[in-house]
Amino acid sequence: MSRIHELRDTLIIGDRKPAALYHRIFVVSAFGGITNLLLEHKKTGEPGVYALFSNDDNDHGWLDALTRVGAAMAKQHDKALENPADRAQAEDFVRDRIEGARSCLYDLRRLCSYGHFRLSSQMMIVRELLSGLGEAHSAYVTTLMLQRAGVNARFIDLSGWRDETDCTLKERIEGALRDVDLTSELPIVTGYAQCSEGLMQEYDRGYSEVTFSNIAALTCAKEAVIHKEFHLSSADPALVGPDAVRKLGHTNYDVADQLSNMGMEAIHPNAAKILRQSKVALRVANAFEPSDPGTLIDEQPTNTSAVEIVTGLNVVALELFEQDMVGVKGYDAKALDALKRHNVRIASKASNANTITHYVEAPLKTVRRVVSDLEAAFPSANVSARNVSIVSAIGRDLKGLKAFSRGICALEEADINVIAAQQTPRNVDIQFVVPRDAVEDAVQVLHAALVGMSGVSNLQRAA
């Protein structure tokens, strides 16, 4: 969104004739960095307005943070809008939203000071309120920019700003689009939608893709297209080199789910589920190469066995060893209860007669709490945790490739220690567990060894 000028001149308008501008709906995210300022920095954890408000000890640091958000928004729309009148409208829009949020949060904190109201019970609503500011701003600014360029763009605000109605996500979308004429209007829709389901409670920052997929399903879209800054490729170009990677071109929702599990989301798994059940194909395209069709994701199987992508994920190996576990029920259930209680995501799992290992994605301090719970539940067990990485080779069909043995051999030849490895009978992914400091080298090695292997049956290989 921070390169909206380029998108206007290529993806949105380009060389399209007037009639071809329409019959589309654009769902937008916030401008780069704005959501980090509103909530907290996604990577560093640096507190934004939400984090400061939730931990406020009467120094009111969140008020200054909200002012900084307004300044950052102004900087973004001043870059995007060239006309002074448009900039003035955007400035008025930001002032209304920022000052409205400031008054709302201040009143909420004052109300909760009486003791009968608990701020903690309102924090998810506060998070949704703040998050919606970013998408509303970018959608409004984009609409102004396109209108100035001669496009009949229409701002569609799903954020529920000053709306007292209580509605579901479906009702919110249907109400907002009810009188839109797609033959002559180009809706620019906020990625955040306020609804009774509470999108952030369920999806946190993945809400925009859920909104996007619901719109595609409800409008019976021919295709849902996610525009990213890069192609969906066989590996991270920064790791294996831009000349070594290749665009996937075509894959299925099964592969998309495996990628999501490995933290490399082509789309949020719940959003993919909505599209899949609605029979809407998904396309992941490079926003800055609008002539390239990108990668189509549908339910079609493949006729060729191949490793399509190699990716890695840093995890913690949580190991529960109990010599007397064999033949006794309950160990696995209690381990899962502890992980669920501390909201720990499981990326993978393995077990044998007396050991259960969960590969989890969580801060080490959270894992330590789980370890403490398990040690209390199983006093005679040995519970340990260590940092490792999973490198996964993924494809729609891996049968006949001997990718498991080839991968093991390639890693051993590169002197990379393989802590564990597994392949499920469905033949869609192979996981290699390696030391944390070897993950990048492992991705490079496995990509070189496995990607591009042609689909040849075991019989042909034996011959």
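Please refer to the structure higher up on the page.
Residues numbered from 1 in each chain as written. Predicted model: local features only at pLDDT ≥ 70, side-chain atom pairs only at ≥ 80, totals over all residues. Heavy atoms only, no water.

### Overview of the overall build of the protein
To keep things clear, this is the line we draw: Starting at the N terminus, helices and strands are each numbered in turn, a helix being any DSSP run of H or I of at least four residues and a strand any DSSP run of E of at least two. Based on C-alpha atoms, the radius of gyration is set beside the globule rule, defined as 2.2 Å times the residue count to the power 0.38. Burial here depends on accessible area, computed with a 1.4 Å probe over protein chains only, as a share of the maximum for the residue type. Under 20% is buried, over 50% is exposed, and the range in between is partly exposed. Contact between two residues is taken to exist if any of their heavy atoms lie within 4.5 Å; hydrogens are not considered. Counted charges follow a simple rule, with Lys and Arg positive, Asp and Glu negative, and His plus the chain ends left uncounted. Charge positions come from single atoms, namely NZ of Lys, CZ of Arg, CG of Asp or CD of Glu.
For the protein, the count of helices and strands is 17 helices and 13 strands. Rg of the C-alpha trace for the protein: 25 Å, near the compact-globule value of 23 Å for 463 residues, within the 12% margin. C-alpha atoms of the protein, sized along the principal axes, occupy 70 × 60 × 35 Å. Within the protein, the proportion of its 463 residues that are buried is 49%. At a minimum sequence separation of 6, the contacts of the protein that also span at least 24 residues come to 75%. The centroid of the 50 positive side-chain charges in the protein is displaced by 2 Å from the centroid of its 60 negative side-chain charges.

### Observations concerning the sheet that holds strand 13 (residues 429-435)
Which entries qualify depends on this criterion: We call two strands paired when DSSP finds no fewer than two bridges between them. Only C-alpha atoms enter the line fits that serve as axes; for helices the fit covers just the stretch in contact. Angles between N-to-C directions range over 0 to 180 degrees.
As summarised here, the arrangement of the six strands in space is 9-10-8-11-13-12, forming an open sheet in which the pairing is antiparallel. Both outer strands of the open sheet, strand 9 (345-351) and strand 12 (420-423), are each paired with one neighbouring strand and no more. Pairwise comparison of adjacent strand axes, ignoring direction, gives a mean angle of 30° for this sheet.

### Some thoughts on the packing of aromatic side chains
Quick reminder of the rule: Each Phe, Tyr or Trp ring, with Trp reduced to its six-membered ring, pairs with another whose centre is within 6.5 Å; inter-plane angles below 30 degrees give stacked pairs, above 60 give edge-to-face pairs, and intermediate values give tilted ones. As a reminder, the over-ring test applies to NZ of lysine and CZ of arginine, requiring each to be within 6 Å of the ring centre and within 35 degrees of the ring normal.
Evaluation of the coordinates by the stated rule reveals seven aromatic pairs. Note on F53 and W62: the rings are 5.1 Å apart at their centroids and 90° apart in plane angle, and the pair reads as edge-to-face. Note on W62: relative accessible area 0%, which makes it buried. An aromatic cluster of three or more residues is present, and its members are F93, Y140 and F155. Directly above the aromatic system of F288 lies the positively charged group of R3, at a separation of 3.6 Å from the ring centroid. The side chain of R127 reaches across the aromatic face of Y50, ending 4.8 Å from its centre.

### Focus: the packing of helix 9 (residues 207-218) against helix 12 (residues 269-277)
Cut-off, in case you're wondering: Orientation labels follow simple angle bins: below 35 degrees gives roughly parallel, above 145 gives roughly antiparallel, 65 to 115 gives roughly perpendicular, and whatever is left gives oblique. All amino acids are sorted into three groups, where Ala, Val, Leu, Ile, Met, Phe, Trp, Tyr, Cys and Pro are nonpolar, Asp, Glu, Lys and Arg are charged, and the leftover types, Gly among them, are polar.
Running from amino to carboxyl end, helix 9 crosses helix 12 at an angle of 5°, the nearest separation of the two axes being 8 Å. On the basis of their axis angle, the class for helix 9 and helix 12 is roughly parallel. On the side of helix 9, the interface is formed by E209, V210, F212, S213, N214, A216 and A217, while helix 12 contributes A271, I274 and L275. Per-class residue counts for the contact of helix 9 with helix 12 are seven nonpolar, two polar and one charged.

### Some details on unusual backbone geometry
For K279, which is not a glycine, the phi torsion comes out positive at approximately 60°. By the element assignment, K279 lies in the loop between helix 12 and strand 6 (281-286). Phi is positive for N343, which is not a glycine, with a value near 55°. Note that N343 resides in the loop between helix 13 (331-341) and strand 9. By relative accessible area, which is 70% here, N343 ends up exposed.

### Quick word on a nonpolar patch on the surface
Worth spelling out the cut-off: In this scheme, patches are assembled from residues that exceed 30% relative accessible area and form no salt bridge. Like charges are connected within 9 Å, while nonpolar side chains (Val, Leu, Ile, Met, Phe, Trp, Tyr) are connected within 5 Å. Only the protein chains shown count as cover for residues, and all accessible areas are computed by the Shrake-Rupley method using a 1.4 Å probe. Basic side-chain nitrogens of Lys or Arg form a salt bridge, by our definition, when they fall within 4 Å of a carboxyl oxygen of Asp or Glu.
Taken together, L111, Y114 and F117 make up a surface patch of nonpolar side chains, about 340 Å² in accessible area. Its location among the elements puts F117 in the loop between helix 5 (84-112) and helix 6 (123-148). For F117, a relative accessible area of 44% puts it in the partly exposed group.

### Side note on the state of the cysteines
What counts here: Cysteine sulfur atoms that pair up within 2.5 Å are treated as a disulfide.
This model, assessed by the stated rule, comprises zero disulfides. Of all cysteine sulfurs, the one in C112 lies closest to C104, which takes part in no disulfide; the gap is 11 Å. Accessibility expressed as a relative area gives 39% for C104, which makes it partly exposed.

### Description of the pairing of strand 9
Across six bridges, strand 9 lies against strand 10 (residues 355-361) in antiparallel orientation. Bridge pairing in strand 10 links I346 to V360. Hairpin connection, strand 9 to strand 10: the antiparallel pair is bridged by three residues.

### A look at the sheet that holds strand 1 (residues 26-28)
Strands sit in the order 1-3-2 across an open sheet of three strands; the sheet is parallel. Two strands close off the open sheet at either side, each with one partner strand: strand 1 and strand 2 (153-156). On average, adjacent strands in this sheet sit at an angle of 25° to one another, irrespective of strand direction. The sheet contact formed by strand 1 and strand 3 (residues 186-190) spans three bridges and is parallel. The partner of V27 across the bridge, within strand 3, is V189.

### Quick look at the pattern of salt bridges
Scanning the entire structure with this criterion turns up 21 salt bridges. Note that D86 and R148 form a salt bridge whose closest N and O atoms lie 2.9 Å from each other. You can see D86 sitting in helix 5 and its partner R148 sitting in helix 6, a full 62 residues away along the chain. On the basis of relative accessible area, D86 is assigned to the buried category, the value being 4%. A salt bridge links R396 to E308, with the nearest nitrogen and oxygen atoms 2.8 Å apart. With R396 in the loop between strand 11 (382-394) and helix 15 (403-413) and E308 in the loop between strand 7 (295-298) and strand 8 (309-321), this residue pair connects regions lying 88 residues apart in the sequence.

### Here we look at the packing of helix 7 (residues 169-177) against helix 9
Definition in use: We call a crossing left-handed when the near helix sits turned anticlockwise from the far one by less than a right angle, and right-handed when that turn is clockwise.
Taken N-terminus to C-terminus, the directions of helix 7 and helix 9 make an angle of 65°; their axes are 10 Å apart at the nearest point. The crossing of helix 7 and helix 9 is right-handed. Counted together, L169, K170, I173, E174 and L177 of helix 7 and V210, T211, N214, I215 and L218 of helix 9 form the full contact between these two elements. Each residue belonging to the contact of helix 7 with helix 9 can be placed in one class, and the counts come to six nonpolar, two polar and two charged.

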